[in-house]
Amino acid sequence: MSTEKTETYGRPEGQPVAAVCPGCGGTGPAVRTVADACADPESRRGGLTDRLARSPGVHDGSDSLVHFLEGMVMAGIGAGLAYSGVQNDKPLYTIGGSLLAVLLFVGTIVVVRGERRERKAVVAGEAHAERLWRPAHHCSSCGSVFYPGGSPWPGPLTPEQFKKYVWTEAGYGKQLDTKVKGVSLPPGMPSGPGGTPGHA
Ligand SMILES: [Zn+2]
C-alpha cells in the first residue's frame with residue numbers, strides 16, 4: 001500500500017525545495033541558508049558572519065551606562081584640575097580643567113544619545129530585516145548570496161550588496177561600514193516600504 005501523502009507541493013515557508021545558485025549553478029552542500037553560514041564557526045573566524053550580519057552589534061543599555069559613568073569620571077577629573085587651579089592660583093589649570101570638564105561632559109552625552117538612537121533604529125527595523133535576511137542563501141562556491149524563490153531579487157548578490165540591502169531596507173543603513181555603504185546595488189533592485197533608497 002502506498003498511501004503516503006506527498007505534501008512537497010505546498011511550498012514550506014522559508015524552505016524552498018531546490019536552492020540553485022544563480023551565480024554558478026551550485027547546489028547541495030555548497031549552498032546553505034545565510035543563517036547556517038553565519039552560525040558556522042569557520043565563518044566567524046573568516047569574517048563571513050560579519051559580512052552577512054542581519055543587524056549591527058549595538059551597544060546595549062548597560063554598555064551605555066558604563067560609557068556615561070566613565071565620561072563623568074573623566075569630566076570630574078577635569079573639574080578637579082580646575083578646582084586645584086583656583087586653590088593654587090594657577091589660571092592655566094583653571095581654564096584647561098574647565099574646558100576639559102565641559103568637553104568630556106558634552107562628548108559623553110552625545111555618545112550615549114547616539115548609542116540609544118542606534119539601538120532604537122535596530123529594534124524598530126529588526127522584523128523587516130529578518131524577513132529579508134532569513135530566506136537568503138549563501139553559495140560557498142562563488143561567494144554569492146541569493147534568494148531561491150527569486151524574490152525580492154532573482155540574481156546573485158555579493159555579501160556586501162546583500163548586507164547593504166537588508167540594513168537599508170530595515171532603516172539602519174547609516175550604521176553600515178563606509179566600505180559597504182559605497183557598494184552599489186544592482187539597478188532595478190526593489191526597495192519596499194520602510195526602505196530609504198538613495199540614502200547611502
Ligand atoms: Zn554560486
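Residues numbered from 1 in each chain as written. Predicted model: local features only at pLDDT ≥ 70, side-chain atom pairs only at ≥ 80, totals over all residues. Heavy atoms only, no water.

### Digging into the coordination of the zinc ion
At step 1: Donor atoms from the polypeptide that bind the zinc ion are C21 (SG), C24 (SG), C139 (SG) and C142 (SG), placed at 2.2 to 2.3 Å.
At step 2: Classification of the site at the zinc ion as tetrahedral follows from its 4 donor atoms and the range of 103 to 115° in their angles at the metal.
At step 3: All donors of the zinc ion come from a single chain, and their spacing in sequence reads C-x2-C-x114-C-x2-C. Of this pair, C24 sits in the segment before strand 1 (31-33) while C139 sits in strand 2 (residues 137-139); the two residues are 115 residues apart in sequence, bridging distant segments of the chain. (Donors = N, O, S within 2.8 Å, 3.2 Å for Na, K, Ca; no water. Tetrahedral: all angles 85-135°; square planar, octahedral: opposite > 155°, others 65-115°. Helix = DSSP H or I, 4+ residues; strand = E, 2+ residues; numbered from the N terminus.)

### Here's the deal with helix 5 (residues 91-133)
At step 1: With 43 residues, helix 5 ought to run about 63 Å at 1.5 Å a step, and its terminal C-alpha atoms sit 58 Å apart, in line with that.
At step 2: Of all bends in helix 5, the biggest is about 50°, found at E126.
At step 3: Here the buried face of helix 5 lies against helix 1 (34-39), helix 4 (61-87) and helix 6 (159-170). (Expected span 1.5 Å × (residues − 1). Bend = angle between axes of the 7 residues up to and from the residue. Contact = heavy atoms within 4.5 Å.)

### Here we look at the packing of aromatic side chains
At step 1: Per the stated rule, a full pass over the model turns up 2 aromatic pairs.
At step 2: Relative to Y172, the ring of W167 has its centre 5.7 Å away and its plane inclined at 70°; by these criteria the two rings are edge-to-face.
At step 3: The ring of Y93 carries K90 above its face, with NZ or CZ at 5.5 Å from the centroid. (Phe/Tyr/Trp six-rings, centres within 6.5 Å; stacked < 30°, edge-to-face > 60°. Lys NZ or Arg CZ within 6 Å of the ring centre and 35° of its normal.)

### With respect to the environment of V166
At step 1: Along the chain, V166 turns up in helix 6.
At step 2: According to the relative accessible area criterion, V166 is buried, its value standing at 0%.
At step 3: Separated by 25 residues in the primary sequence, V166 and S191 place their C-alpha atoms 9.9 Å from one another.
At step 4: Every residue in contact with V166, bar those within four places of it in the chain, is listed here: R54, A129, L132, W133 and Y147. (Buried < 20%, exposed > 50% of the residue type's maximum accessible area, 1.4 Å probe, protein only.)

### Quick word on the pattern of salt bridges
At step 1: Counting across every chain of the model gives 5 salt bridges.
At step 2: With a closest N to O distance of 2.8 Å, E160 and R51 form a salt bridge. In this pair, E160 sits in helix 6 while R51 sits in helix 3 (residues 48-51), placing the two residues 109 residues apart along the sequence.
At step 3: For E160, a relative accessible area of 11% corresponds to the buried category.
At step 4: Note that R134 is salt-bridged to E130, the shortest N-O span being 2.6 Å.
At step 5: Look at R134 and you get partly exposed, because its relative accessible area is 41%. (Salt bridge = Lys/Arg side-chain N within 4 Å of Asp/Glu carboxyl O.)

### A few points about the side chain of K163
At step 1: With respect to the element layout, K163 can be found in helix 6.
At step 2: One buried charge, K163, has no salt-bridge partner; the nearest side chain with opposite charge is D50, at 4.1 Å.
At step 3: In this structure K163 touches D50, R51, A53 and L176, once residues within four positions along its chain are discounted. (Lys, Arg positive; Asp, Glu negative; His and termini not counted.)

### Some thoughts on the packing of helix 4 against helix 5
At step 1: In the contact formed by helix 4 and helix 5, the axes pass within 6 Å of each other and the chain directions differ by 170°. With respect to each other, helix 4 and helix 5 are oriented roughly antiparallel.
At step 2: Broken down by class, the residue content of the contact of helix 4 with helix 5 amounts to 15 nonpolar, 11 polar and 2 charged. (Axes fitted to C-alpha atoms, helices over the stretch in contact; angles between N-to-C directions. Parallel < 35°, antiparallel > 145°, perpendicular 65-115°, else oblique. Nonpolar A, V, L, I, M, F, W, Y, C, P; charged D, E, K, R; others polar.)

### Notes on helix 6
At step 1: Look at helix 6: 16 Å from first C-alpha to last across 12 residues, which is about the 16 Å you get at 1.5 Å a residue.
At step 2: When you tally the buried positions in helix 6, you get 12 out of 12 residues, the bulk of the element.
At step 3: Listing the buried residues of helix 6 in full gives P159, E160, Q161, F162, K163, K164, Y165, V166, W167, T168, E169 and A170.
At step 4: Close packing links the buried residues of helix 6 with helix 1, helix 3, helix 5, strand 3 (145-146) and helix 7 (178-181).
At step 5: Positive backbone phi, approximately 95°, marks G171, located one or two places after helix 6.

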